[in-house]
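Listed below, chain by chain, are the residues.
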Amino acid sequence: MAADGARAARKNAPPREDVLAAAMATIAARGLDGLTMAGLGREVGMSSGHLLYYFGSKDELLLQTLEWSEAALGAERRALLARRGPARERLDAYVDLYVPDEARDPHWTLWLEVWNRSQNAGSGERDRQAAIEGAWHRDLVALLAEGVSRGEFRPLDPDRFAARLRALLDGFSIQVAVGLPGIGREGILAHVSEFLDESLVS
């Protein structure tokens, strides 16, 4: 009987993407404190027990939601980097996509929570986070290498420069995401643009 119940639960469960989209929508509307397994279950017509059956833990739910959100961002990033035109224009578009739109940006809110929970995560979960980071890094390295090869950027090590640039973007982005008073998104974009002008132009 229990096996029949489990099969019925699997058959009647909403698509995984619907659950992840609902989780992200909840974070956007009510923040992480508003995301509970019981509340999410009500949103998608499942019990919290069924959600735990599918995801195992809230940590896994958060990581899968981040991976789902990153898949969409990755597609957007690859599309903008594939455009024709100067590498610098595409680099500015990359930066614009990277920096959060405003305080409590749901994607960055989720990122920060997953980062925080990663202190106690296993190696598999850490590898999945590293894969997300690695995709951003590889795309940036390729764009910088293209700019150097075309003579748009001064000669530099694309991998080392990408690591430094992403550290700069992370620091600024966290300030926006947590809503620290002071410099806002437009000011940050201006700072980064000035840094790129100083660093990339011979």
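Residues numbered from 1 in each chain as written. Predicted model: local features only at pLDDT ≥ 70, side-chain atom pairs only at ≥ 80, totals over all residues. Heavy atoms only, no water.

(A) Region of interest: the overall build of the protein. Helices and strands together make up the secondary structure of the protein, namely 10 helices and 0 strands. Counted from the first residue to the last, the protein has its helices and strands arranged as α-α-α-α-α-α-α-α-α-α. Overall size of the protein, expressed as C-alpha extent along the three principal axes, is 70 × 35 × 30 Å. The buried share among the 202 residues of the protein stands at 41%. Accessible area of the protein: about 10,700 Å², with a carbon and sulfur share of 53%. In the protein, which carries 24 positive and 30 negative side-chain charges, the distance between the mean positions of the two groups comes to 4 Å. (Helix = DSSP H or I, 4+ residues; strand = E, 2+ residues; numbered from the N terminus. Buried < 20%, exposed > 50% of the residue type's maximum accessible area, 1.4 Å probe, protein only. Areas by Shrake-Rupley, 256 points an atom, 1.4 Å probe, with all protein chains shown as cover. Lys, Arg positive; Asp, Glu negative; His and termini not counted. Charge placed at Lys NZ, Arg CZ, Asp CG, Glu CD.)

(B) Local environment of a nonpolar patch on the surface. Residues Ile174, Val178 and Leu180 make up a contiguous nonpolar surface patch of about 240 Å² in total accessible area. Its location among the elements puts Leu180 in the loop between helix H9 (158-177) and helix H10 (185-200). (Patch = residues over 30% accessible without salt bridge, like charges linked within 9 Å, V, L, I, M, F, W, Y side chains within 5 Å. Salt bridge = Lys/Arg side-chain N within 4 Å of Asp/Glu carboxyl O.)

(C) View of the side chain of Ser173. Residue position: Ser173 is located in helix H9. In this structure Ser173 touches Tyr98, Val99, Pro100 and Trp108, once residues within four positions along its chain are discounted. (Contact = heavy atoms within 4.5 Å.)

(D) Fine view of the environment of Leu62. Position of Leu62 among the secondary structure elements: in helix H5 (residues 58-81). On the basis of relative accessibility, which here comes to 0%, the residue Leu62 falls in the buried class. Ignoring sequence-local partners within four residues, the contact set of Leu62 consists of Leu32, Leu35, Leu110, Glu113, Val114 and Arg117.

(E) Spotlight on the packing of helix H6 (residues 87-98) against H9. Packing of H6 against H9 leaves a shortest axis separation of 10 Å and a crossing angle of 40°. You can see that H6 and H9 cross each other, and the crossing is right-handed. Mapping the contact onto sequence places Leu91, Tyr94, Val95 and Tyr98 in H6 and Leu165, Arg166, Leu169, Asp170 and Ser173 in H9. For the contact of H6 with H9, the per-class residue count stands at 6 nonpolar, 1 polar and 2 charged. (Axes fitted to C-alpha atoms, helices over the stretch in contact; angles between N-to-C directions. Left-handed = near helix turned anticlockwise from the far one by under 90°. Nonpolar A, V, L, I, M, F, W, Y, C, P; charged D, E, K, R; others polar.)

(F) Looking closely at the pattern of salt bridges. Summed over all chains, the structure comprises 14 salt bridges. Between Asp59 and Arg117 there is a salt bridge whose closest N-O contact spans 2.1 Å. With a gap of 58 residues between them, Asp59 in helix H5 and Arg117 in helix H7 (residues 106-117) connect regions that are remote in the sequence. Where Arg166 meets Glu133, a salt bridge forms, and the shortest distance between an N and an O atom there is 2.1 Å. In this pair, Arg166 is assigned in helix H9 and Glu133 in helix H8 (residues 123-149), connecting sequence segments 33 residues apart. Here Arg166 and Glu133 have matching classes, each one buried. In the salt-bridge network here, residues are joined through shared partners; they are Arg90, Glu146, Arg150 and Glu152.

(G) Seen up close, the packing of helix H3 (residues 37-44) against helix H4 (residues 48-55). Axis separation between H3 and H4 bottoms out at 8 Å; the angle between their running directions is 100°. Between H3 and H4, the angle is such that the two are roughly perpendicular. In contact with Met37, Ala38, Leu40 and Gly41 of H3, H4 contributes Ser48, Leu51 and Leu52. Across the contact of H3 with H4, the residue classes break down as 5 nonpolar, 2 polar and no charged. (Parallel < 35°, antiparallel > 145°, perpendicular 65-115°, else oblique.)

(H) Spotlight on the environment of Val44. With respect to the helices and strands, the residue Val44 is situated in helix H3. The class of Val44 is buried, set by a relative accessible area of 17%. In sequence terms Val44 and Ala167 are 123 residues apart; their C-alpha atoms lie 37 Å from each other. Other than its neighbours up to four places away in sequence, Val44 contacts Pro14, Asp18, Val19 and Ala22.

(I) Molecular detail of the packing of aromatic side chains. Under the definition given, this model contains 8 aromatic pairs. Pairing Tyr53 with Tyr54 gives two aromatic rings, centres 5.3 Å apart and planes at 85°, and the pair type is edge-to-face. For Tyr54, a relative accessible area of 32% corresponds to the partly exposed category. Note on Trp111 and Trp115: the rings are 4.9 Å apart at their centroids and 40° apart in plane angle, and the pair reads as tilted. (Phe/Tyr/Trp six-rings, centres within 6.5 Å; stacked < 30°, edge-to-face > 60°.)

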